[in-house]
Amino acid sequence: MNALTSFPQGQEPETLVSTAAVTVTQVPHRARLSLRARGDLAPLDRALGFALPRGIGGVTLGTACLGPDEWIILTDDAAAVMTACAEVSLPHSLVDVSGREITFEIEGPRASELLTLGCPRDIDAIPDGTARRTVFDGVTVTLWRDTAERFRIDVWNSFAPHVAHLLASGARELAAEMA
Amino acid sequence: MSYRIPERGRVDRSQPIRFTFDGREVTGFRGDTVASALLAEGNHLMGRSFKYHRPRGPVAAGSEEPNALIGTRRGKGQFEPNTRATMQELRHGLQTTSQNKYPSLKFDVGAVNDAAYMLFSAGFYYKTFMWPKNFWHKVYEPFIRAAAGLGVSPTEEDPDIYASRNMHCDVLIVGAGPAGLAAARQAAGKGLKVVLVDEHAEAGGTLLSEPQAVIDGAPAWDWLAATLADLKAAGVKIMTRTTAIGYYHENLIGMVERLTDHLDEVPADTPRERMWRVRAKQVVLAQGALEKPLVFHGNDRPGVMLAGSAQTFLNRFGVLVGKRPVVMTSHDSAWYAAFDLAGAGAQVQAIVDTRGEVRDDLLAQAKALNIPVKLGHTATATSGRLRVSSLRVNKVTGATVGAGEEIKCDAVLMSGGWTPSLHLFSHTKGKLAWDDDLTTFLPSDTPEDCVIAGAGRGLWGVEAALRDGAAQAQAALEALGQTEAAQGYSVTEDRPGTGVTHKELPTDRSPGKAKAFVDYQNDVTAKDLRLAVREGMRSIEHVKRYTTNGMATDQGKMSNINGLNIAADALGKKQPQVGLTTFRPPYTPTTFGAFAGYHRGSHFEVTRKTQIDAWAEENGAVYEPVGQWRRARYFPKAGEDMDTAVTRECAATRASVGIFDASTLGKIEVVGPDAAEFVNRMYTNPFLKLGVGKCRYGLLCGDDGFIRDDGVIGRIAEDRFHVTTTTGGAARVLNMMEDYLQTEWPDLDVWLTSVTEQWSTIALNGPNAAKLLQPFVPDLELTEETFPHMSCAEVNVAGTPARLWRVSFTGEIGFEVNVPAPLGRQLWETLWQAGQQYDICAYGTETMHVLRAEKGYIIVGQDTDGTVTPFDAGMGWAVGKKKADFVGMRGMARPDLVASGRRQLVGLLTEDGSKLEEGAQIVLDPNQPIPMKMVGFVTSSYDQGTVGRPIALALIEGGQDRMGETVHVPMPHRTIAAKVVSAVFVDPENSRLKIGAAA
């Protein structure tokens, strides 16, 4: 399978909105691979060079477990990951989805509150350093909580403007609330 | 402001606020509502009733108000009808108007309905507007429409913004009266997230109306201030102006917070209202009780109001609703209202109680205040034109109503007892139990994690409410693992009380002429309810619909129980046997804005755009929505309409080369050792032996054997397939596949990944497509020998890793280039530039539809309707004859699916060369009597194509056996004859698909 290694656009972070409450930035593309497998994962662990997180929500070295048999791998070298996994005899699926979605980083004192505008999950209950698939304003997203005040959401390209619009108006609403 | 009492109330006298009512300037204070400010100047008349246009004033002081509905305007576009004057807080510059009046509030022409009230009885519309039949559309219906409705709909776009948020908490307490406050105290300080909400501008509930109570040694208002400060310090989130409107499954509560309607200046970026969706582990409902009116002739005259509300207007707003009030009651609570008003200087004319005996302490206090008392009396009438001026009362002895006596007054304070507010509890599907002693329904079991406390379950008095609030909250806390005793409270100057419940009060006059209102807003009287029963209504649900009792915007907050008592009496049954109508969300009228939230304007709904969409926009594309996507429909040049543009695009594509954005096609990557087996089981076509680097068209059916979706499927590797679906079917197909995989075939080692948005897909079609593309694909020879029709390959295209397909949905030489989505536009522009030498033409979905129809290629959902099998569609070739199984195989064997005479897809050519209408019905004999037997319909029809005449596809019974026959299409003004032909209109030999063979 041929892998995409560079993108012509989105190389510079682009700030969508910045208020006292929260700053929303579109961050550069990274290679992204969807991995599916089940059973004894040891062969995949060996090929990847690290143990895949086993619990849903767990994140190890940029790889998040999103389901009982599903991981998303963020990497700078998609080709190397593919080559390594190609040798693994454990049945699995590895699909390049690097071009499928873009990422917004949401950072600030009200970042968590901003997410409540569109996400029905209990944001406060999400531990730092975890990720999960959820919805934001009706759109499927992957939500990463990096720190108490910094999140990332991955959203499919065509849904991104809709999500960005609400993030931007929400950032202004929250800032007005602080004034 | 002669009715304002100094030193009373909680309004801020240092902040006068000017607003207008029907154009007249009125001054109130910060903290006033429109109702309290108007009452402060002695004005009770605030509107006209719905049916009889009777003058009306506020009957309540809160959100249950049925009468005092006004229009409010805060600025351009910021108009709202039916605002409750008792809830609208004052703000500078607020404009308010009365409703349902013409030409003026004080003189109304529609009030003639009142004089003709005998005509407007229950079921009036059903009976009156039946004949003559042809009058309905032209006379009755327009008249009813013009007369119906309260207030006036806004005509301008609302410039306000609306918001929504989700919230999670451990304990949500609805209602910040004594029970709710005690519940919050019980839950606070335990490390739990506790939220306390109240619909009013400030927390306190009953305490705001009962400042005399002394709680644990502190005056009520001091205790309230200290408690609120303590709760805030303990981290309790206190939300005022927030109405819990609905209680949904799994402890989800909808709440609307009103953020700016009370502000003089609205800060930028601040929403008017916010819808909260709260998921609470435990809910405490402490919504209190609503006072019931007494039902007697003239009980709707302005100045007749609930005694408890009069007490609220006095104690919370410092407003005396009348200087010479008379109290008419069947409950102890109204006695205290009389005492409070007397204490504020009112000359209480009398306390009239329907009961023969009342508590000695009440009698003693009345005597001490020199208030005349009349026990065992009924009320039989009121008088006064725009304001009550007297109450007629009569002594009742057994069943005998004595002579009437007029009591002069300027207000009537009535109380028929109290009804627990069970609305949200009922939303939980909570069971209600009838309590004979209290003559009301009380809460019983609920499936939700919810308790109900205080007056909401029939308890009375501040101490009882406080103690129950603590106890019920503790019960909820036990479920959260908190074990602690419920806090105790002791209250002096409390006002416990009891009362009796009545149907309409007895009268010495003709009950048939009494205008004794049960539902004020919908003008339903006791007489109407009894008439409904006489005319055969037995269930309260039927009585409600026949009379409209409880169907107004107040949802029967005042009328339901009185209506039930009267209906039950008329039926001679107990109330529970007659039943209670269902409470439904929202609890109070809610703006559309609050429901819409952020979803308006450009954010109304997701609009998905491809990476190439911006190019299309720059090049003048006209769009059409396809599912959530917007797709370029055609690219008009200057002066072109759709037909002209599409005709040009079709011709250019067949003549040389067209370029088309196919990125919206659904794409699913199927990977794993069992990938081939899985695809083979899902699709009707055989896939096990499809070679790597080959594509095959696939038909997807449901279990029933009917076509659900289609697409081209390429084998990228032994264990990897790239499946395409229709644009609209992408999510549905993936769900269906996952469903089979997870529930039917969990043994298969195969996984599905949506790659719809991973790829931008650019289609090139036309005799010059290969010539255009070849220079960009140096690693692959685009010839019939090395890359024949239905091939696929992973190659570099213009230096970008791509999946290249040789497929055609036009009948021309065709390629689809898939490149990683972000590179789509760059490749499109590269091909566009290079294509100029071939007069490349960008085409949209309309041309795509025409070109495919000329080849007889179906569009699922247009040429199929969920009842079409592959054989019906003339695609039996796509069904693998030797396959062991596939989804739909057994369905297709059902007798009616193999029977002859099924509707089959065929082509149609009209005899007169006209274009048929899509959806037009088809008959065999145009001269048969009506109703004719319809044998099918037109599914696709175009006249912009390259055939030289209009073409159509149609589903016709036994169509494939009718080749050459003439069928008929009856239209409104003529019948069109058409010949049944093959569905393939262009190049039936497929010679144009071959590279080198075409022109």
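Residues numbered from 1 in each chain as written. Chains lettered and ligands numbered in written order. Predicted model: local features only at pLDDT ≥ 70, side-chain atom pairs only at ≥ 80, totals over all residues. Heavy atoms only, no water.

### Considerations on the overall build of chain B
Spelled out, the test is: Runs of H or I in DSSP of at least four residues are treated as helices and runs of E of at least two as strands, each being numbered from the N terminus. Residue contacts are counted whenever heavy atoms from the two residues lie within 4.5 Å of one another. The Shrake-Rupley method, run with a 1.4 Å probe sphere, supplies the accessible areas, and residue values consider only the shown protein chains as cover. Only four residue types enter the tally: Lys and Arg on the positive side, Asp and Glu on the negative side; His and the chain ends are excluded. To locate a charge, take atom NZ for lysine, CZ for arginine, CG for aspartate or CD for glutamate.
Across its full length, chain B holds 25 helices and 50 strands. For chain B, the spread of C-alpha atoms along the principal axes amounts to about 115 × 70 × 55 Å. Sequence separation of 24 or more characterises 67% of the internal contacts of chain B that already satisfy a separation of 6 or more. Of the roughly 38900 Å² of accessible surface on chain B, a fraction of 53% belongs to carbon and sulfur atoms. For chain B, the centre of its 107 positive side-chain charges and the centre of its 116 negative side-chain charges are spaced 5 Å apart.

### What to know about the pairing of strand β26 (residues 432–435) of chain B
Residue and element names in this part refer to chain B. Our working definition: Strand pairing is assigned whenever DSSP detects at least two bridges linking the two strands.
As judged from the four bridges shared by β26 and strand β27 (residues 440–443), these two strands associate in the antiparallel manner. Along β27, the bridge assignment pairs Asp435 with Thr440. Here β26 folds back onto β27, and the loop between the two strands holds four residues, one of which, Thr439, carries a positive phi near 50 degrees.

### A short note on the side chain of B:Arg902
Residue and element names in this part refer to chain B. Heads up, the rule is: We call a residue buried when its accessible area falls under 20% of the maximum for its residue type, exposed when it is over 50%, and partly exposed in between, using a 1.4 Å probe and counting protein chains only. For this analysis, a polar contact is any N or O atom pair within 3.5 Å, provided that within protein one partner can donate a hydrogen and the other can accept it, and provided that sequence-adjacent residues contribute only side-chain to side-chain pairs.
Tracing the chain through its elements places Arg902 in the loop between α25 (895–898) and β45 (903–910). Judged by relative accessible area, Arg902 falls into the buried class, the value being 17%. At 2.9 Å, the side chain of Arg902 and the side chain of Asp872 are in polar contact. Those residues within four positions of Arg902 in sequence are excluded, and the remaining contacts are Phe706, Thr867, Thr869, Asp872, Asp896, Leu897, Ile956, Glu957, Gly958 and Gly959.

### Side note on the side chain of B:Asp519
Residues and elements named next belong to chain B. Heads up, the condition is: By definition, a salt bridge exists where a carboxyl oxygen of Asp or Glu is found within 4 Å of a side-chain nitrogen of Lys or Arg.
Structurally, Asp519 can be placed in strand β30 (residues 517–519). We note that Asp519 is buried and unpaired, the nearest opposite charge coming from Arg56 at a distance of 7.1 Å. Among the polar contacts listed, one links the side chain of Asp519 to the backbone nitrogen of Asn522, at a separation of 2.9 Å. When sequence neighbours within four positions are dropped, the list of residues in contact with Asp519 reads Val524, Thr548, Asn549, Gly550, Met551, Ala552 and Ser559.

### A closer look at the UniProt feature "domain: Aminomethyltransferase C-terminal" (unreviewed entry) in chain B
In plain terms, the rule: UniProt positions are given in the numbering used here, feature names are shortened, and annotations may be inferred rather than shown by experiment.
UniProt marks residues 903–987 of chain B with the feature "domain: Aminomethyltransferase C-terminal" (unreviewed entry), using the numbering shown here. The straight-line gap between the two end C-alpha atoms of residues 903–987 of chain B is 25 Å; of that span, 0% is helix and 46% is strand.

### A look at the packing of aromatic side chains
Residues and elements named next belong to chain B. Note the cut-off: Two rings from Phe, Tyr or Trp (for Trp, the six-membered ring) form a pair when their centres sit within 6.5 Å of each other. Planes less than 30 degrees apart are called stacked, planes more than 60 degrees apart edge-to-face, and all others tilted. Counted as over-ring charges are cases with an Arg CZ or a Lys NZ within 6 Å of the ring centre that also lie within 35 degrees of the ring normal.
According to the stated counting rule, one finds 17 aromatic pairs over all chains in the structure shown. Judged by centre distance (6.4 Å) and plane angle (65 degrees), the ring pair of Tyr52 and Phe517 falls under edge-to-face. Taken together, the residues span a long stretch of sequence, with Tyr52 in the loop between β3 (47–48) and β4 (55–56) and Phe517 in strand β30 at a distance of 465 residues. Both residues of the pair, Tyr52 and Phe517, belong to the buried class. Here the aromatic rings of Tyr697 and Trp877 are separated by 5.9 Å at their centres, their planes lie at 45 degrees, and the arrangement is tilted. Highlighted residues: Tyr697 in strand β36 (residues 695–701) and Trp877 in the loop between α23 (845–854) and α24 (889–892), separated in sequence by 180 residues. Owing to a relative accessible area of 19%, Tyr697 belongs among the buried residues under this scheme. Following the ring pairs from residue to residue traces out a cluster consisting of Trp615, Phe635, Trp828 and Trp832. One cation-aromatic arrangement involves Lys557 over Tyr587; the distance from NZ or CZ to the ring centre is 4.3 Å. Sitting over the face of the ring of Trp745, Arg681 holds its NZ or CZ atom 5.2 Å from the ring centroid.

### Looking at the interface of chain A and chain B
To keep things clear, this is the line we draw: Buried area, as used here, totals the accessible surface that two parts lose on assembly, with accessibility defined by a 1.4 Å probe and the loss added over both.
Opposite the 47 residues of chain A that make contact, chain B presents 52 residues. When chain A packs against chain B, close to 3800 Å² is buried across both sides, 52% of that on carbon and sulfur atoms. At the surface where chain A touches chain B, the tally comes to six salt bridges. The salt bridge involving B:Asp749 is made with A:Arg38; its shortest N-O contact spans 3.1 Å. Inspection of the chain A/chain B interface yields 28 residue pairs in polar contact (both at pLDDT 80 or more).

### A few points about the sheet that holds strand β2 (residues 23–27) of chain A
Residues and elements named next belong to chain A. Note the cut-off: Lines are fitted to the C-alpha atoms to define the axes, a helix being fitted only along its stretch in contact, and any angle between axes, read from their N-to-C directions, falls within 0 to 180 degrees.
The antiparallel open sheet is built from six strands, whose spatial order is β1-β2-β8-β11-β10-β9. In the strand order of this sheet, the two ends are held by β1 (14–18) and β9 (130–136), each with one partner. With direction set aside, neighbouring strand axes in the sheet form an average angle of 25 degrees. Strand direction decides the pairing type here: strand β8 (residues 101–107) and strand β11 (residues 150–156), joined by seven bridges, are antiparallel. Paired with Glu105 across the strands is Arg152, a residue of β11. On the sheet, helix α4 (residues 160–178) packs against β1, β2, β8, β9, β10 (139–147) and β11 and is oriented at approximately 10 degrees with respect to β8.

### Structural notes on the domain arrangement of chain A
Residue and element names in this part refer to chain A. In plain terms, the rule: Where each domain begins and ends follows an automated or database-derived domain assignment.
Taken domain by domain, chain A comprises domain 1 (14–29 + 99–178) and domain 2 (31–96). If you average the C-alpha positions of domain 1 and of domain 2, the two centres end up 25 Å apart. Counting each side, the surface lost to burial between domain 1 and domain 2 is near 910 Å², with a carbon and sulfur contribution of 53%. Of all residues in domain 1, Ala131, Arg133 and Trp144 give up the largest surface area on contact with domain 2, accounting jointly for 47% of the area buried on that side. At the junction of domain 1 with domain 2, the criterion picks out three salt bridges. The residue Asp154 makes a salt bridge to Arg32 at a minimum N-O spacing of 3.1 Å. Counting every contact that joins domain 1 to domain 2 gives four residue pairs in polar contact (both at pLDDT 80 or more). Going through the elements one at a time, β8, β9, β10 and β11 are the ones with two or more residues in the side of domain 1 that touches domain 2. Ranked by residues supplied to the side of domain 1 that touches domain 2, first place goes to β9 with four residues.

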